[in-house]
Amino acid sequence: MPEGRQVTGEPDKLYERLKAFEGRAAATAGTGKDPVNEPMIRHWCEAMGDTNPAYSGPEAIAPPTMLQAWTMGGLSGHTDRSAAYEELFGLLDGAGYTSVVATDCEQEYLRPLRPGDRITFDAVIESVSERKTTKLGTGYFVTTRMDVRADGVRAGTHRFRILKYTPAAPRRPEPRRTGPERAARGEGRSLRPRPVINRDNAGFWQGVAEHRLLIQRCGDCATPRFPWLPGCNACGCQEWDTVEASGEGTVFSHVVMHHPPFPAFGADGAGGPYAVALIELAEGVRMVSNVIGVPYDKVRTGMPVRLEFLRTDPDLELPVFRGGEG
């Protein structure tokens, strides 16, 4: 989620107009295009790698995080948005805030959804922030709240927040230089993208800072899981502890990144090609990382690898895997 700081200065007359939309309907009497159904539940679980037995069989329920899925418009789009919603976004577009990015969502679950449930919903424009400046640009955060019902009974709430913004002016491009030229001039390398750290994965990144690769372990069924999640995919338990990975693993699959070039990912500043692999750790979980220490075209499925921690810049250290013979 892009963080923002409030823009100070002259009174924001646009914000005064936008604020008036708070509490107005964004959608009324919306209807899910399909009832809750087993095929969609199966596709979702396969895509997420979720094997919880509660989502299959005669007493199956839908994964709670599918709450919004049953309300989506699909390829044909939404037909239930209100005039107030369209007017709000028309104002933003007309004022030059034409770009949009989803920032985060929150869900509250009141009862399980089961195959056959008919979904209806209403949505409201819950809040519009004051004008903020973010790394992406300057704009307004708009939050909508959707109340979801199953066969007329409230089943959950979905809050969705977006940023409508004017993109920041791009930096003036500098002349392209080779790695040696950049080093000779004392120029720093481009920075890698920063990982998103939140309350669910902060412990993992704390472990990385200590040169430890930590894997979650369910407190009930002891199933290991990665990436970090708030609950167990196998049994749903929310209690967990961690185990430290040995660092041993093998390449399960891999791709070679050729284009577009990202200078921060190349040791010489050229930005590639480089290997990105799905590593199967000895503990039975898999993670995506770079393979180093061998030419990109020599990486192979089944290749043994060993964990290392690579400092990519003064503020970022990442777990990577050094390829070996075998």
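The structure presented is a predicted model; accordingly, all values stated were derived computationally and were not measured.

A word on the overall build of the protein chain
Here is step 1 of the chain: Within the protein chain, the secondary structure is distributed over five helices and 15 strands.
Here is step 2 of the chain: Taking all 326 residues of the protein chain together, 37% fall into the buried category.
Here is step 3 of the chain: A separation threshold of at least 6 residues defines the contact pool for the protein chain, and within that pool the share at least 24 residues apart is 67%.
Here is step 4 of the chain: Accessible area of the protein chain: about 19,000 Å², with a carbon and sulfur share of 53%.

Structural notes on the side chain of Q216
Here is step 1 of the chain: Mapped onto the secondary structure, Q216 falls in strand β8 (residues 214-218).
Here is step 2 of the chain: Within polar-contact distance, the side chain of Q216 engages the backbone nitrogen of L229 at 2.7 Å.
Here is step 3 of the chain: Q216 has contacts with T223, P224, R225, P227, W228, L229, W240, D241 and T242, leaving out every residue within four places of it along the chain.

Points about the packing of aromatic side chains
Here is step 1 of the chain: With the rule as written, the count across this model stands at six aromatic pairs.
Here is step 2 of the chain: With 5.2 Å between their ring centres and 80° between their planes, Y97 and Y140 make a pair best called edge-to-face. With Y97 in the loop between α3 (83-94) and β3 (99-109) and Y140 in strand β6 (residues 137-150), this pair connects stretches of sequence that are 43 residues apart. Per residue, the accessibility class of Y97 equals that of Y140, and both read buried.
Here is step 3 of the chain: Arranged with centres 6.4 Å apart and planes meeting at 65°, the rings of F204 and W228 form a pair that is edge-to-face. You can see F204 sitting in helix α5 (residues 202-209) and its partner W228 sitting in the loop between β9 (224-225) and β10 (240-244), a full 24 residues away along the chain. W228 matches F204 in its accessibility class, with the two residues each being buried.
Here is step 4 of the chain: Put simply, the rings of F204, W205, F226, W228 and W240 touch in pairs and so form one group of aromatic residues.
Here is step 5 of the chain: We note R286 situated over the ring of F252; from NZ or CZ to the ring centre the distance is 3.6 Å.

Examining helix α2 (residues 38-48)
Here is step 1 of the chain: One side-chain oxygen of the residue at the start of α2 lies 2.9 Å from the amide nitrogen of M40, identifying that residue as N37.
Here is step 2 of the chain: Residue G49 follows α2 closely and has a positive phi angle near 70°.

Quick word on the sheet that holds strand β14 (residues 304-313)
Here is step 1 of the chain: Strand order in the closed barrel formed by five strands is β11-β12-β13-β15-β14, with mixed pairing between adjacent strands. Put simply, the sheet's adjacent strands are angled 50° from each other on average, direction ignored.
Here is step 2 of the chain: Alignment of β14 against strand β15 (residues 316-323), held across eight bridges, turns out to be antiparallel. Each bridged residue has a counterpart across the sheet, and for D313 the counterpart in β15 is L316.
Here is step 3 of the chain: Packed on one face of the sheet, α5 meets β14 and β15 and runs near 70° to β15.

Examining the nonpolar core
Here is step 1 of the chain: With 35 residues, the main nonpolar core has L18, I41, W70, L88, L113 and Y140 as its most contacted residues.
Here is step 2 of the chain: Listed by contribution, the elements that provide at least two residues to this core are α1 (13-19), β2 (25-31), α2, α3, β4 (119-128), β6 and β7 (153-167).
Here is step 3 of the chain: If one sorts the elements of this core by residue count, α3 sits on top with six residues.
Here is step 4 of the chain: Setting aside chain neighbours within four positions, we find W70 in contact with G32, K33, P35, V36, N37, M40, I41, A62, L113 and I119.

Digging into the sheet that holds β8
Here is step 1 of the chain: Read from one edge of the open sheet, three strands run β9-β8-β10, paired in antiparallel fashion. With one partner strand each, in any of the chains shown, β9 and β10 form the two edges of the open sheet.
Here is step 2 of the chain: The pairing of β8 with β10 spans five bridges and is antiparallel. By the bridge assignment for β10, R217 is matched with D241.

A look at the confidence of the model for the protein chain
Here is step 1 of the chain: When pLDDT is averaged along the protein chain, the result is 88, and 88% of the positions lie at 70 or above.
Here is step 2 of the chain: Contacts of residues 182-186 to residues separated by more than four positions or lying in other chains number six contacts, the stretch itself having pLDDT below 50.

Some words on α3
Here is step 1 of the chain: Taking 1.5 Å of rise per residue, 12 residues should cover 16 Å, and α3 covers 16 Å from first to last C-alpha, within 8% of that figure.
Here is step 2 of the chain: All of the buried residues along α3 are A84, Y85, L88, F89, L91 and L92. The arc that holds the buried residues of α3, viewed along the axis, is 150°, so those residues lie on one side. Residues of α3 that are exposed and point more than 90 degrees away from the buried face comprise A83 and G94.
Here is step 3 of the chain: The elements touched by buried residues of α3 are α1, β2, β4, β6 and β7.
Here is step 4 of the chain: Where α3 ends, the next residue or the one after it, G96, has phi of about 95°, a positive value.

Here's the deal with the pattern of salt bridges
Here is step 1 of the chain: For the coordinates displayed, the defined rule picks out 18 salt bridges.
Here is step 2 of the chain: For D313, the salt bridge goes to R194, with nearest N and O atoms at 3.0 Å. With D313 in strand β14 and R194 in the loop between α4 (179-184) and α5, this residue pair connects regions lying 119 residues apart in the sequence.
Here is step 3 of the chain: Given the relative accessible area of 8%, D313 is considered buried.
Here is step 4 of the chain: The class of R194 is partly exposed, set by a relative accessible area of 37%.
Here is step 5 of the chain: With a shortest N-O distance of 2.4 Å, E248 and R306 are connected by a salt bridge. Taken together, the residues E248 in strand β11 (residues 248-257) and R306 in strand β14 connect sequence positions 58 residues apart.
Here is step 6 of the chain: A network of salt bridges, in which partner residues are shared, links E126, R145, D147, R154 and R159.

Calculation rules
- Residues numbered from 1 in each chain as written.
- Predicted model: local features only at pLDDT ≥ 70, side-chain atom pairs only at ≥ 80, totals over all residues.
- Heavy atoms only, no water.
- Helix = DSSP H or I, 4+ residues; strand = E, 2+ residues; numbered from the N terminus.
- Buried < 20%, exposed > 50% of the residue type's maximum accessible area, 1.4 Å probe, protein only.
- Contact = heavy atoms within 4.5 Å.
- Areas by Shrake-Rupley, 256 points an atom, 1.4 Å probe, with all protein chains shown as cover.
- Polar contact = N/O pair within 3.5 Å; in protein donor to acceptor, adjacent residues only side chain to side chain.
- Phe/Tyr/Trp six-rings, centres within 6.5 Å; stacked < 30°, edge-to-face > 60°.
- Lys NZ or Arg CZ within 6 Å of the ring centre and 35° of its normal.
- Pairing = 2+ DSSP bridges.
- Axes fitted to C-alpha atoms, helices over the stretch in contact; angles between N-to-C directions.
- Core = buried A, V, L, I, M, F, W, Y, C linked by side-chain atoms within 4.5 Å.
- pLDDT = per-residue confidence, 0-100.
- Expected span 1.5 Å × (residues − 1).
- Arc of directions from axis to C-beta.
- Salt bridge = Lys/Arg side-chain N within 4 Å of Asp/Glu carboxyl O.

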